[in-house]
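# Fold and geometry: a report
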Amino acid sequence: MKHLIYIAAFLVPTVFFAQEKPTSVSEETTTKTVTVDDGREVVEKKVKVTTREEQQIKLAESDKHKVNQDVVDSPSKVTQTIEVDNDMDPFYDSKTKSVYYTYNDDNYIFKRNDNGFIVSEVGADAGMKYGHGMSTSRANNYVFSSKDYNGIGYFDANNNFIVEYYDADSNTIVKKVFKMTR
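The text that follows walks through the structure, step by step, so that each part is easy to find. (Residues numbered from 1 in each chain as written. Predicted model: local features only at pLDDT ≥ 70, side-chain atom pairs only at ≥ 80, totals over all residues. Heavy atoms only, no water.)

### What to know about the pairing of strand β7 (residues 106-112)
- Note: β7 against strand β8 (residues 116-121), 5 bridges, orientation antiparallel. Across the sheet, residue F110 finds its bridge partner in β8, namely V119. (Pairing = 2+ DSSP bridges. Helix = DSSP H or I, 4+ residues; strand = E, 2+ residues; numbered from the N terminus.)

So, in structure tokens, the structure goes:
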């Protein structure tokens with residue numbers, strides 16, 4: 001009986017660990033040091049940029065029972081974290097996190113802020129924002145406002161951002177999907 005309990009104790013954790021979905025993770029970190037002379041003093045500033053790409057590994061259904069299976073393209077999540085150190089201590093003073101999405105063949109960057117996130121078009125002027133998502137009291141629900149429409153947004157199971165809003169011209173609910181970039 002004692003041996004049976006030991007065997008069960010070793011087998012149960014392996015069953016739980018075997019259920020994880022395989023993912024491919026790539027992370028690149030670059031650090032640049034900039035020296036600024038403002039006339040009074042020379043200050044050294046460090047900027048650390050970490051780019052992380054996560055992609056779930058999916059296999060072709062046609063190769064389901066084969067040993068060597070083909071990998072199928074799947075969406076990937078690209079997250080960029082920018083950290084700035086303004087003084088000589090070993091800690092970074094500010095941190096910005098960004099995620100990239102596409103909509104209608106245009107690329108957008110979602111930057112986190114205190115109330116939710118700001119959406120800007122990639123390549124557009126830094127001050128030009130496309131829209132703003134504000135957190136609500138309900139988990140995963142955002143009030144999204146842009147110059148063209150206002151609606152409710154949420155992230156789906158694939159981490160795509162979906163905005164639904166009322167279009168008075170067509171008298172319908174319109175759904176826009178910002179897909180995570182590959």
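### Side note on the packing of aromatic side chains
- Throughout the structure, instances matching the rule amount to 18 aromatic pairs.
- Ring centres of Y142 and F155 lie 5.7 Å apart, and the angle between their planes is 90 degrees; this geometry places the pair in the edge-to-face category. Highlighted residues: Y142 in strand β10 (residues 142-146) and F155 in strand β11 (residues 150-155), separated in sequence by 13 residues.
- Cluster of aromatic residues (ring-pair linked, three or more members): Y103, Y108, F110, F117, Y130, Y142, F144, Y149, F155, F161, Y165 and F178. (Phe/Tyr/Trp six-rings, centres within 6.5 Å; stacked < 30°, edge-to-face > 60°.)

### Here we look at a nonpolar patch on the surface
- A cluster of nonpolar side chains, namely I57, L59 and V71, defines an oily patch on the protein surface of about 250 Å² accessible area.
- Along the chain, the position of L59 falls in strand β3 (residues 58-59). (Patch = residues over 30% accessible without salt bridge, like charges linked within 9 Å, V, L, I, M, F, W, Y side chains within 5 Å. Areas by Shrake-Rupley, 256 points an atom, 1.4 Å probe, with all protein chains shown as cover. Salt bridge = Lys/Arg side-chain N within 4 Å of Asp/Glu carboxyl O.)

### Overview of the environment of K95
- Mapping K95 onto the fold places it in strand β6 (residues 94-103).
- For K95, a relative accessible area of 61% translates into the label exposed.
- Linking K95 and I82, residues 13 residues apart in sequence, is a C-alpha distance of 5.6 Å.
- Setting aside its immediate chain neighbours within four residues, K95 contacts T81, I82 and E83. (Buried < 20%, exposed > 50% of the residue type's maximum accessible area, 1.4 Å probe, protein only. Contact = heavy atoms within 4.5 Å.)

### Some details on the nonpolar core
- With 16 residues, the main nonpolar core has F110, F161 and F178 as its most contacted residues.
- Elements that contribute at least two residues to this core include exactly β6, β7, β8, β10, β12 (161-167) and β13 (172-180).
- Contact partners of F178, with chain neighbours within four places excluded, come to Y101, T102, Y103, Y108, F110, Y130, Y149, N160, F161 and V163. (Core = buried A, V, L, I, M, F, W, Y, C linked by side-chain atoms within 4.5 Å.)

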